[in-house]
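Examination of the molecular architecture
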Amino acid sequence: MRPPVPGIFHEKRAHVRLLALKIRVLVWVLLYGVAAPGAMLCPVAAAGQVPEMPSIASAPTVHARQASGEITIDGKLNELAWIDAEPILLTQQSPLPGKPTPYLTEVRVLVSGDALIFGFNCHDPKPSAINTHTLTRDGDQSGDDTVSVELDSFGDKRTAYYFQINAAAGRVDGLVAGPGNVSLDWDGIWNARTSKTADGWTAEIWIPAQTLGFGGRTTHWGLQLDRSITRDLTELRWASPTLDSDLFDMSRAGVLEVMTPLKQGHGIEIAPYARGEMLHNFLGPDRNWLGAGGGELTWRITPQLASVFTVNTDFAETEVDSRQINITPFPLYFPEKREFFLEGANQYVFGLDLGTTFVPFFSRNIGLLDGYDIPLRGGVKLNGHVGRWSVAGLDVETGSTNVPEIVVSTLGLPSQRVEATNLFASRIAYDVDKHLRVGTMMTHGDPEALVSNTLAGVDAIWQTSTFLKKRSLQLGGWAATTQGDVPLGTRQAWGVRFDYPNDLVNCTAGMGRFGDGFEPLLGFIPRPQTHQTDASCSYRPRPLPSGPFGAIRQASYDLAFSRITDTSGNLQSQIIRFKPVHLTMNSGDSIFLGGYTDHETLTTPFAIVPKVSYPVGSFDFQRYGISITTSPQRVLQFTNDSSVGGYYNGHLYHQTNSLNWTPLHGKAQFGLAADNYFGHTPQGNFVEKLWQFNGALSWSPDLSLSTFVQYDNVSFALSSNTRMRWTFKPGDDFYVIWDRTWIRDVTHPGANLDPDAESITAKIQWTFRL
């Protein structure tokens, strides 16, 4: 295909820019320039101040007393013991902090049998409108009516356990590592039930002490309570119900005083498993039948500090990765999903808001080699606190194995044999005061068992939620070095960052420097041997609800800049992003228009597909996009992301569509997603596609059947992963997993998808606490 005529291309680009400018001016006039009083912004938007609200103590306190009788976890608050518990009333946090709300929410907490039990009474003026879209464990509850509990059981005002349920008792849990930083992949042992009432719903959440690590003598824990009503995006909060308050900022939490000491028994937890598996490679007629056993032993040395020993670690029940199409020369990030590595993962967070720019300890480098499983013969973990010290350590022994030829060629291994090796990681941090935390990080080992590699690093984070009286502010810095068999050059790396994460103005800026000899083999750096600088800022006013533009919940005007050079200062990438229109409606629907201008330098050819490579050189191009997302509270939800424009020396059209249907109040879920790239370059054209289907049937929060099907035209592989999970008792699970793949032989035009491999796995695991 011939490239566009330059004059026409620039004319079209000018029209796009003019259209974007007109839209931005129109929205600006609508939100800011109308002289009529009803069209003015509320004080939050106009002056950066929240509306007047009742005086609320910065750290409210509640006492958890021993229950006077037995409590049955059935979601009904009908036991007499609840009468003796102190009532907690939640306050509207959004959209109008402190204002009256029809969603009266009362919470009570008791100690019963060495467990904390939270009781929620959620009034609703329209019970028939309560939303639930999922019952599966860790399902997407962004469109559901939910309540949540955060427990800072160490009292460090930074980390916490997170427990959330929807109105149908679907459970989500996770670990909080700091403001805006929560991982929902961790699964703890707890339980919850809900019950519908004439004017809303009630819930009971049971959290045993043995699920938590906590200071043995610390009776004052951080506590945050939250309720979300999705049909009008109303949020209620217990402590710090202001727009600038991040739900996961534990420095803004209230205080839970545990009046009755919680006991963890002998602190021993045994979690054995048994697994049977059938493997079938369709190239041969035989099926292999395998069996395995192993498990974990947890010993709480103190209530604050736990050690975990594992033998023949097994991850059969782990969800498969969602495939991604990579149109860049850099590696993609996939999150950790294996349970053994998730417990205590929030203690390994290093630096401030580094995201995936630099992860000094990336646990997926252990037991996975380019996605291929490496056996774990055993290991030991240490997680917890000792006073103001936060301590985490991991030592794992991997086994020898043969890997497929494709892994050898991708990683450049000397042979298919990967030898056994030892891998180690540790993190120690110290809370100097309520604002400052300093820490260290160390890793040692090579996942490929070829060389010696050690990383050592230090970091410091200072944060406050009282900047300018009530704003959040965070400052952080880090430095690290690698030693051993690393490339020649500077072996050091360092970075600093500033975050101002508030509702009206949200800004961040930072830089990172990664030397030529800095190579952490147990870490993740998509752009090594670079100097990186970035800054972004969002201005996010809220129109007056009673004004003519009251349908808009919040507007956002975003500008971001990033620059990456090599260590000699030669420019590699420079991107300026802008969103002149970004609107979130009161219904939860959202739309944004945006674009970016990009400069990229390629020092080696980049093969985006085997037959199309971008050449060496410098490239300047612009791209523009639109995104429309309907509210997740809808039974039928649709998302469209489309972008068009240049890409290196060609043009690229990208479109992602998804459709999700959640009938029967979450008992059934069906989703379709299509990710398509259409490229036109002087070197040739290409099309890359990824299609996905997911579905789930849930009879209860404890019994569900799900399937995930994926196909892409890069690997030409169709795969399905079907999982049945039955939690017959909290901590005791039975799984059946059926995996199957089909492959298309691309050397034969018009070839069909042929069966490639199949496995059926049954696994049962128990948890015994002593």
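Above: the structure in question.
The text that follows walks through the structure, step by step, so that each part is easy to find. (Residues numbered from 1 in each chain as written. Predicted model: local features only at pLDDT ≥ 70, side-chain atom pairs only at ≥ 80, totals over all residues. Heavy atoms only, no water.)

Some remarks on the overall build of the chain
- Counting secondary structure elements, the chain contains four helices and 46 strands.
- Scaling as 2.2 N^0.38, a compact globule of 770 residues should have a C-alpha radius of gyration of about 27 Å, and the chain matches this with 27 Å.
- With respect to the principal axes defined by its C-alpha atoms, the chain has extents near 75 × 75 × 50 Å.
- Considering the chain as a whole, with its 770 residues, one finds that 49% of them fall into the buried category.
- A separation of at least 24 residues holds for 59% of the contacts in the chain among residues at least 6 apart in sequence.
- Summed over its atoms, the accessible surface of the chain is roughly 34,400 Å², and 60% of this surface lies on carbon and sulfur atoms.
- Taken together, the 62 basic and 76 acidic charged side chains of the chain have centroids lying 6 Å from each other. (Helix = DSSP H or I, 4+ residues; strand = E, 2+ residues; numbered from the N terminus. Rg over C-alpha atoms; globule rule 2.2 N^0.38 Å. Buried < 20%, exposed > 50% of the residue type's maximum accessible area, 1.4 Å probe, protein only. Contact = heavy atoms within 4.5 Å. Areas by Shrake-Rupley, 256 points an atom, 1.4 Å probe, with all protein chains shown as cover. Lys, Arg positive; Asp, Glu negative; His and termini not counted. Charge placed at Lys NZ, Arg CZ, Asp CG, Glu CD.)

Brief notes about the side chain of Ser759
- Relative to the helices and strands, Ser759 is located in strand E45 (residues 753-765).
- For Ser759, a relative accessible area of 11% puts it in the buried group.

Observations concerning the pairing of strand E43 (residues 717-729)
- Sheet topology places strand E42 (residues 703-712) next to E43; ten bridges connect them, and they run antiparallel. The partner of Leu705 across the bridge, within E43, is Met724.
- Hairpin geometry of E42 and E43 is characterised by an intervening segment of four residues between the two adjacent antiparallel strands and by a positive phi of about 55° at Phe716.
- Where E43 and strand E44 (residues 732-744) come together, twelve bridges link them in antiparallel fashion. The residue of E44 that forms the bridge with Arg725 is Tyr735.
- Hairpin connection from E43 to E44: two residues lie between these consecutive antiparallel strands, with Gly731 at a positive phi of about 100°. (Pairing = 2+ DSSP bridges.)

Re the nonpolar core
- If you look at the biggest cluster of nonpolar residues, it comprises 41 residues, and the most contacted ones within it are Leu116, Phe118, Phe120, Leu151, Ile205, Leu225 and Leu256.
- Filtering out sequence-adjacent residues up to four positions away, Phe120 remains in contact with Leu77, Glu106, Val107, Val147, Ser148, Val149, Trp201, Thr202, Ala203, Ile205, Leu225 and Asp226.
- Ranked by size, the runner-up nonpolar core spans 24 residues in total, among them Phe350, Ala392, Met441 and Ile525. (Core = buried A, V, L, I, M, F, W, Y, C linked by side-chain atoms within 4.5 Å.)

Comments concerning the packing of aromatic side chains
- Here the structure, examined in full by the defined rule, presents 31 aromatic pairs.
- Seen in terms of ring centroids, Phe467 and Tyr500 are 6.3 Å apart; in terms of plane orientation they differ by 85°. Their pairing is edge-to-face. Of the two residues, Phe467 is situated in strand E26 (residues 453-467) and Tyr500 in strand E28 (residues 492-501); the sequence distance between them amounts to 33 residues.
- The class of Phe467 is partly exposed, set by a relative accessible area of 31%.
- Ring geometry for Tyr614 and Tyr647: centres 5.9 Å apart, planes at 70°, overall edge-to-face. (Phe/Tyr/Trp six-rings, centres within 6.5 Å; stacked < 30°, edge-to-face > 60°.)

With respect to the pattern of salt bridges
- Considering all chains together, one arrives at 32 salt bridges under this definition.
- Here Arg725 ties to Asp187 by a salt bridge, and the two come within 3.7 Å at their closest N and O atoms. With Arg725 in strand E43 and Asp187 in the loop between strand E9 (181-183) and strand E10 (191-197), the pair connects residues that are 538 residues apart, well separated along the chain.
- Using a relative accessible area of 22% as the deciding quantity, one classes Asp187 as partly exposed.
- With a closest N to O distance of 2.5 Å, Arg323 and Asp712 form a salt bridge. With Arg323 in the loop between strand E17 (305-311) and helix H3 (339-342) and Asp712 in strand E42, the pair connects residues that are 389 residues apart, well separated along the chain.
- When its relative accessible area of 7% is taken as the criterion, Asp712 is described as buried. (Salt bridge = Lys/Arg side-chain N within 4 Å of Asp/Glu carboxyl O.)

Focus on the state of the cysteines
- One pass over the structure, following the stated rule, counts one disulfide.
- Cys507 shares a disulfide with Cys537; S-S distance 1.8 Å. With Cys507 in strand E29 (residues 505-514) and Cys537 in strand E30 (residues 530-539), this pair connects stretches of sequence that are 30 residues apart.
- The class for Cys537 is partly exposed, based on a relative accessible area of 32%. (Disulfide = S-S within 2.5 Å.)

Observations concerning the environment of Ile325
- With respect to the secondary-structure elements, Ile325 resides in the loop between E17 and H3.
- By relative accessible area, which is 12% here, Ile325 ends up buried.
- Once you skip the residues sitting within four places of it in the chain, Ile325 turns out to touch Leu332, Asp675, Tyr677, Glu688, Lys689 and Leu690.

What to know about the pairing of strand E8 (residues 171-178)
- By the criterion of burial, E8 is predominantly enclosed, with eight of the eight residues buried.
- Sheet analysis places strand E7 (residues 160-166) next to E8, joined by six bridges and oriented antiparallel. Each residue of the ladder has a partner; that of Ile165, found in E8, is Arg171.
- Counted along the chain from E7 to the antiparallel partner E8, the turn is four residues long, and its residue Ala169 has a positive phi close to 75°.

A word on a nonpolar patch on the surface
- A surface patch of nonpolar side chains, about 940 Å² in accessible area, is lined by Val635, Leu636, Phe638, Leu659, Trp661, Phe670, Leu672, Leu697, Trp699 and Leu705.
- Counting residues per element, the ones that place at least two in the nonpolar patch are strand E38 (636-647), strand E39 (650-661), strand E40 (668-681) and strand E41 (684-700).
- For Phe670, the location among the structural elements is in strand E40. (Patch = residues over 30% accessible without salt bridge, like charges linked within 9 Å, V, L, I, M, F, W, Y side chains within 5 Å.)

Remarks on unusual backbone geometry
- In this structure, the amide linkage connecting Ser94 to the following residue, Pro95, adopts the cis form with an omega of 10°.
- For Lys469, which is not a glycine, the phi torsion comes out positive at approximately 80°.
- Relative to the elements of secondary structure, Lys469 occurs in the loop between E26 and strand E27 (471-484).
- Take Lys469: its relative accessible area is 78%, and that puts it in the exposed class.
- Despite not being glycine, His665 has its phi angle at roughly 55°, a positive value.
- Take His665: it is sitting in the loop between E39 and E40.
- For His665, a relative accessible area of 55% gives the class exposed.

Quick notes on the environment of Thr310
- In this fold, Thr310 is placed in strand E17.
- According to the relative accessible area criterion, Thr310 is buried, its value standing at 4%.
- For the pair Thr310 and Ala271, spaced 39 residues apart in sequence, the C-alpha to C-alpha distance is 9.4 Å.
- Discounting chain neighbours no more than four positions away, the residues touching Thr310 are Gly295, Glu296, Phe340, Arg377, Gly378 and Gly379.

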